[in-house]
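# Analysis of the macromolecular model
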Amino acid sequence: MSAGTVPAGAPSAADGAEAAHEVDAVLAGLRRHARQLVAEVAGPVRRVRLRSGDTVLEVEWHDAAAGQGVAATETGRASDAPAVVPVAPPPAPRPAPSAGRIEVRSPMVGTFYRAPEPGAAPFVTVGDVVRPGQVVGIVEAMKLMNEVTAERAGRVTEVLVDDGRPVEYDQPLVALDPA
């Protein structure tokens, strides 16, 4: 073998450049999807992680009030160097509930249902007294029905989300007055 030849099957510099270009194209697509996803979400987003094959894009927002910006890391690049993705900061936090009011919050992103099946009576209505651990609704996520339970006892004062509506993580679903 002469000094200028490359062994058969060994990657060339052109192959490396092409692979890096492919990874950059995948990351550009993931960035576009992240921006689109964040724009479509109604509530605050703290972290987004997208993967395409071996390429991962992860975006995490820090406390915007403290002057922190967006931190993002991308793996799968030739340099594996962190990069910043220009994404709008999350909306301001929700106001605190009124004094003495308890809120049952969504444990995940999904679709909220007030009843166990269409046409059935809702789990709770305004005026009902609930006990700790009692089911107050269901959040459907990826075709799985996840029960939402009250952590504390109380009387239902308001159902904050209509049946069949999308909900965000930690979104208040039902308001209770402590019992």
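Residues numbered from 1 in each chain as written. Predicted model: local features only at pLDDT ≥ 70, side-chain atom pairs only at ≥ 80, totals over all residues. Heavy atoms only, no water.

## What to know about the overall build of the protein chain
- The number of helices and strands found in the protein chain is one helix and 11 strands.
- Helices and strands in the protein chain line up, N terminus first, as α-β-β-β-β-β-β-β-β-β-β-β.
- Residues counted as buried form 29% of the 179 residues belonging to the protein chain.
- Once local pairs closer than 6 in sequence are excluded, the contacts in the protein chain between residues at least 24 apart make up 52%.
- A total accessible area of about 11300 Å² is found for the protein chain, and carbon and sulfur atoms account for 54% of it. (Helix = DSSP H or I, 4+ residues; strand = E, 2+ residues; numbered from the N terminus. Buried < 20%, exposed > 50% of the residue type's maximum accessible area, 1.4 Å probe, protein only. Contact = heavy atoms within 4.5 Å. Areas by Shrake-Rupley, 256 points an atom, 1.4 Å probe, with all protein chains shown as cover.)

## Observations concerning the nonpolar core
- Within the largest apolar cluster, 15 residues are counted, with the highest numbers of intra-cluster contacts made by Val104, Val130, Val136, Leu173, Val174 and Leu176.
- The set of elements that each furnish at least two residues to this core consists of strand S4 (102-105), strand S7 (135-141) and strand S11 (172-178).
- Residue contributions to this core peak at three residues, all from S11.
- Setting aside anything within four residues of it in sequence, one finds valine 130 in contact with Val124, Val136, Ala150, Arg152, Ala153, Gly154, Val156 and Leu176. (Core = buried A, V, L, I, M, F, W, Y, C linked by side-chain atoms within 4.5 Å.)

## Remarks on the sheet that holds strand S9 (residues 154-159)
- Taken in spatial order, the four strands line up as S4-S11-S9-S6 in an open sheet, and their pairing is antiparallel. Of all the strands in the sheet, the pair left with one neighbour each is S4 and strand S6 (129-130). (Pairing = 2+ DSSP bridges.)

## Structural notes on the environment of leucine 160
- Assignment of secondary structure puts leucine 160 in the loop between S9 and strand S10 (165-167).
- Expressed as a C-alpha distance, the spacing of leucine 160 and glutamine 171, which sit 11 residues apart in the sequence, is 9.3 Å.
- For leucine 160, the contacting residues outside a window of four places in its chain are Arg101, Pro172, Leu173, Val174 and Ala175.

## With respect to the side chain of glutamate 140
- Counting through the fold element by element, glutamate 140 comes out in strand S7.
- There is a polar contact of 3.2 Å between the side chain of glutamate 140 and the side chain of tyrosine 113.
- Glutamate 140 has contacts with Val109, Gly110, Thr111, Tyr113 and Met145, leaving out every residue within four places of it along the chain. (Polar contact = N/O pair within 3.5 Å; in protein donor to acceptor, adjacent residues only side chain to side chain.)

## Things to note about the layout of surface pockets
- Roughly 190 Å³ of internal volume is contained in the second largest pocket.
- A breakdown of the residues in the lining of the second largest pocket according to their chemical character gives five nonpolar, two polar and five charged. (1 Å grid on protein atoms, 1.4 Å probe; cavity = no way out; pocket = protein on both sides within 12 Å on 5 of 7 lines; lining within 4 Å. Points joined across faces, edges and corners; volume = space filled by probe spheres on them. Nonpolar A, V, L, I, M, F, W, Y, C, P; charged D, E, K, R; others polar.)

## A short note on the pairing of strand S5 (residues 110-113)
- Alignment of S5 against S10, held across three bridges, turns out to be antiparallel. Paired with threonine 111 across the bridge in S10 is proline 166.
- Two strands pair when backbone bridges link them, and S5 and S7 are joined in this way by three bridges, in the antiparallel orientation. Counted as the bridge partner of tyrosine 113 is isoleucine 138 from S7.

## Considerations on the pattern of salt bridges
- Going through the model one piece at a time under the given rule, you end up with four salt bridges.
- One salt bridge in this structure joins glutamate 158 and arginine 101, with 3.6 Å as the shortest N-O distance. Of the two residues, glutamate 158 sits in strand S9 while arginine 101 sits in the loop between strand S3 (70-75) and S4, which places them 57 residues apart along the sequence.
- On the accessibility criterion, arginine 101 (25% relative accessible area) is partly exposed.
- Salt bridges sharing partners connect three or more residues here, namely Arg101, Glu103, Arg105, Glu158 and Asp170. (Salt bridge = Lys/Arg side-chain N within 4 Å of Asp/Glu carboxyl O.)

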